[in-house]
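# Structure at a glance
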Amino acid sequence: MDLTADIARERDLSIDEGGFERAMDAQRDRARSASQFGMDTRPVENRRATRFQVMKPPAPANHRAAARWPQSGHHAAGSELA
C-alpha cells in the first residue's frame, strides 16, 4: 500500500484507504470461508515412529554399469563413483 500511495501522490491522485481496508476484510472473510483446511482436534492414538524403507539401486544391465554402484548402496560424501 505504501508504494501505491507514493505513486498516487506523485500523480496527484488520492487513495480511498478506508475502502481498501473494507475490501481487504471482505476478501479475507471469503478466503477463510472457502478454505478446506481445518483443525483436527481428535486425539492421536497409537503413535509410532516413522519407518523408512532403504531402496536398493536397480540391477545393472551390464558388467560395466555394475562397477558404478557402491557395494553398500551408499557412498561417502565427496567420493566419486567410477
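Here, residues in each chain are numbered from 1, in the same order as that chain's written sequence. Since the coordinates come from a predicted model, pLDDT governs what is reported: local features require at least 70, and pairs of side-chain atoms require 80 or more to be given and counted, while whole-chain, interface and lining totals use all residues. In computing side-chain values, all of the structure's heavy atoms are included and hydrogens and water are not.

### Observations concerning the overall build of the protein chain
Counting from the N terminus, the helices are DSSP H or I runs at least four residues long and the strands are E runs at least two residues long. What the protein chain contains, in helices and strands, is three helices and zero strands. Counting all 82 residues of the protein chain, 5% fall into the buried class. Looking at the protein chain as shown, the accessible area adds up to about 8,500 Å², and 52% of this sits on carbon and sulfur atoms. Three exposure classes are used, based on accessible area relative to the maximum for each residue type with a 1.4 Å probe and protein chains only: buried under 20%, partly exposed in between, and exposed over 50%. To be clear on the numbers: accessible area is Shrake-Rupley with a 1.4 Å probe, and residue cover counts the displayed protein chains and nothing else.

### Some points on the pattern of salt bridges
A pair can form between side chains of opposite charge whenever their charged atoms are brought close. Take a side-chain nitrogen of Lys or Arg and a carboxyl oxygen of Asp or Glu: if they are within 4 Å of each other, that pair is a salt bridge. In this structure the tally under the stated criterion is three salt bridges. Residues Asp25 and Arg28 are paired through a salt bridge, measuring 2.8 Å at the closest nitrogen-oxygen approach. Pair noted here: Asp25 and Arg28 are both in helix 2 (residues 17–34), with a separation of three residues, about one helical turn. Asp25 sits in the partly exposed class, given a relative accessible area of 38%.

### Focus: unusual backbone geometry
Of all residues except glycine, most have a negative phi; of all peptide bonds, most are trans. Although it is not a glycine, Asp12 sits at a positive phi angle of roughly 55 degrees. Take Asp12: it is sitting in the loop between helix 1 (2–10) and helix 2.

### Some points on a nonpolar patch on the surface
Residues form patches when they are more than 30% accessible in relative terms and have no salt bridge. Like charges link within 9 Å. Nonpolar side chains (Val, Leu, Ile, Met, Phe, Trp, Tyr) link within 5 Å. Together, Met1, Ile15, Phe20 and Met24 make up an exposed nonpolar region whose accessible area comes to about 300 Å². Assignment of secondary structure puts Phe20 in helix 2. We classify Phe20 as partly exposed; its relative accessible area is 34%.

### Some points on a negative patch on the surface
In this tally, Lys and Arg are treated as positive and Asp and Glu as negative; His is ignored, and so are the chain termini. For this purpose, a charge sits on NZ of Lys, CZ of Arg, CG of Asp or CD of Glu. A cluster of like negative charges, contributed by Asp2, Asp16, Glu17 and Glu21, occupies part of the molecular surface. If you trace the backbone, Glu17 turns up in helix 2.

### Some points on the environment of Asp16
With respect to the secondary-structure elements, Asp16 resides in the loop between helix 1 and helix 2. With a relative accessible area of 53%, Asp16 lands in the exposed category. With 11 residues separating them in the primary sequence, Asp16 and Ala5 have C-alpha atoms 10.0 Å apart. Whenever a nitrogen or oxygen atom comes within 3.5 Å of another N or O atom, the pair is scored as a polar contact, on the condition that within protein one atom can donate a hydrogen and the other can accept it, and that pairs from neighbouring residues in sequence are kept only if both atoms are in side chains. Within the structure, the side chain of Asp16 is placed 3.0 Å from the backbone nitrogen of Gly19, a separation counted as a polar contact.

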